[in-house]
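Single-letter residue listing:
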Amino acid sequence: MALPVYLARQFDDFSSVDIINTIPMKRISFFAYLCIALLFSSCNFTEEIYVEEDGSGKISINFDGSELMEMAGDEMLQTNEKAVDSVISFKDFLREKKDSIATLPLEQQEKLKKLEPFKLHMVMNPETKVMAFDMFSAFQDVSEVSDAFNAFQNASALGPGNDSGQANPIITDEQATQVRYSFDERIFRRTTTIVDSTLHLKSLDSLQGAEMFLSGSTYTLKYHFPRRVKSTNAEEATFSADGKTVIYQVKFLDYLKNPEALSIEVELED
């Protein structure tokens, strides 16, 4: 049996008293495979933002798990796993499960609350070897966008396993870093700050043993603006043909070790 599939079944069999008991089994499969993808295969994330002239727009965090599906797809076919193509509204989910959520510790409730503006589109097809997750939300002002990657992590935290006392070794504690976005007509900024160095160092220690699996993983920023880009402080960034899109990619492992690697400033033309 392929290792990812075996571990996924362990997730599915895990008995937990928290929110996971309220999630249908087909959704448990998503969270289980997502966690396993982070641990045992190269994973490519894309953070994509569309910014309008008035500062409104939309944000999307996309995860490409095709490599994991290549590893586990045949095994999933043998277990008659069906293809999944569905959209989850976290607002609807949290409202539906509000009574169960109210029994959770306040800290967990607050983490789940941050997911409310997001929807999640997930596609898993063992036959075509497709696995993709897209977590997205609209915003009225880019400054309202909280740390989108932390929100994405919180989605995986909905899955079972936390009661074991073992943290996911590649996910940094959301309190260790803080991401802020701003746009003042000409200057767009994504600023990452380490707010708790102790927690950050702890997360780095937990990376030991996972570096081999993450060596081929990437994190890409893809930002679309209403006007042409004049300049950016990201020296290795590339641009679209019309000059309105900035693309900046770093190794995922480098980002985990140094979150400030994805701090970026973009200046637009008048």
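Being a predicted model, the structure only gives us computed values, none of them experimental.

Colleague: What should I look at first to understand the overall build of the protein in this one?
Modeller: Check the secondary structure of the protein and you find 10 helices and 12 strands. When the 270 residues of the protein are sorted by exposure, 47% land in the buried category. Here the analysis covers contacts within the protein between residues at least 6 apart in sequence; of these, 72% occur between residues at least 24 apart. Per element, the accessible surface of the protein, about 13400 Å² overall, is 47% carbon and sulfur.

Colleague: What is the right way to look at the nonpolar core in this model?
Modeller: Soluble globular proteins tend to pack their nonpolar side chains together in the buried interior. Within the largest apolar cluster, 49 residues are counted, with the highest numbers of intra-cluster contacts made by Tyr181, Phe188, Tyr219 and Phe225. Those residues in contact with Phe225 that sit more than four places away from it in its chain are Val51, Phe188, Lys244, Val246, Val266 and Leu268.

Colleague: In this structure, what is going on with the sheet that holds strand β3 (residues 84-89)? I would like to understand it.
Modeller: By definition, the strands of a sheet pair up through backbone hydrogen bonds, in either a parallel or an antiparallel sense. In space, the eight strands of this open sheet follow the order β3-β4-β5-β2-β1-β8-β11-β10, with mixed pairing throughout. In this open sheet, the two strands that pair with only one neighbour each are β3 and β10 (238-239). Where β10 and strand β11 (residues 245-251) come together, two bridges link them in antiparallel fashion. Residue pairing for β11: Thr238 is matched across the bridge by Ile247.

Colleague: What exactly am I supposed to notice about the pattern of salt bridges here?
Modeller: Charged atoms that come close allow side chains of opposite charge to pair. In total, this model carries 10 salt bridges according to the counting rule given. Its salt-bridge partner being Glu47, residue Arg190 comes within 3.0 Å of it at the nearest N-O pair. Remark: Glu47 occurs in strand β1 (residues 44-51) and Arg190 occurs in strand β7 (residues 187-194); sequence separation between them is 143 residues. Glu47 gets classed as buried once you look at its relative accessible area, which sits at 0%. Between Asp92 and Arg95 there is a salt bridge whose closest N-O contact spans 2.8 Å.

Cut-offs applied
- Residues numbered from 1 in each chain as written.
- Predicted model: local features only at pLDDT ≥ 70, side-chain atom pairs only at ≥ 80, totals over all residues.
- Heavy atoms only, no water.
- Helix = DSSP H or I, 4+ residues; strand = E, 2+ residues; numbered from the N terminus.
- Buried < 20%, exposed > 50% of the residue type's maximum accessible area, 1.4 Å probe, protein only.
- Contact = heavy atoms within 4.5 Å.
- Areas by Shrake-Rupley, 256 points an atom, 1.4 Å probe, with all protein chains shown as cover.
- Core = buried A, V, L, I, M, F, W, Y, C linked by side-chain atoms within 4.5 Å.
- Pairing = 2+ DSSP bridges.
- Salt bridge = Lys/Arg side-chain N within 4 Å of Asp/Glu carboxyl O.

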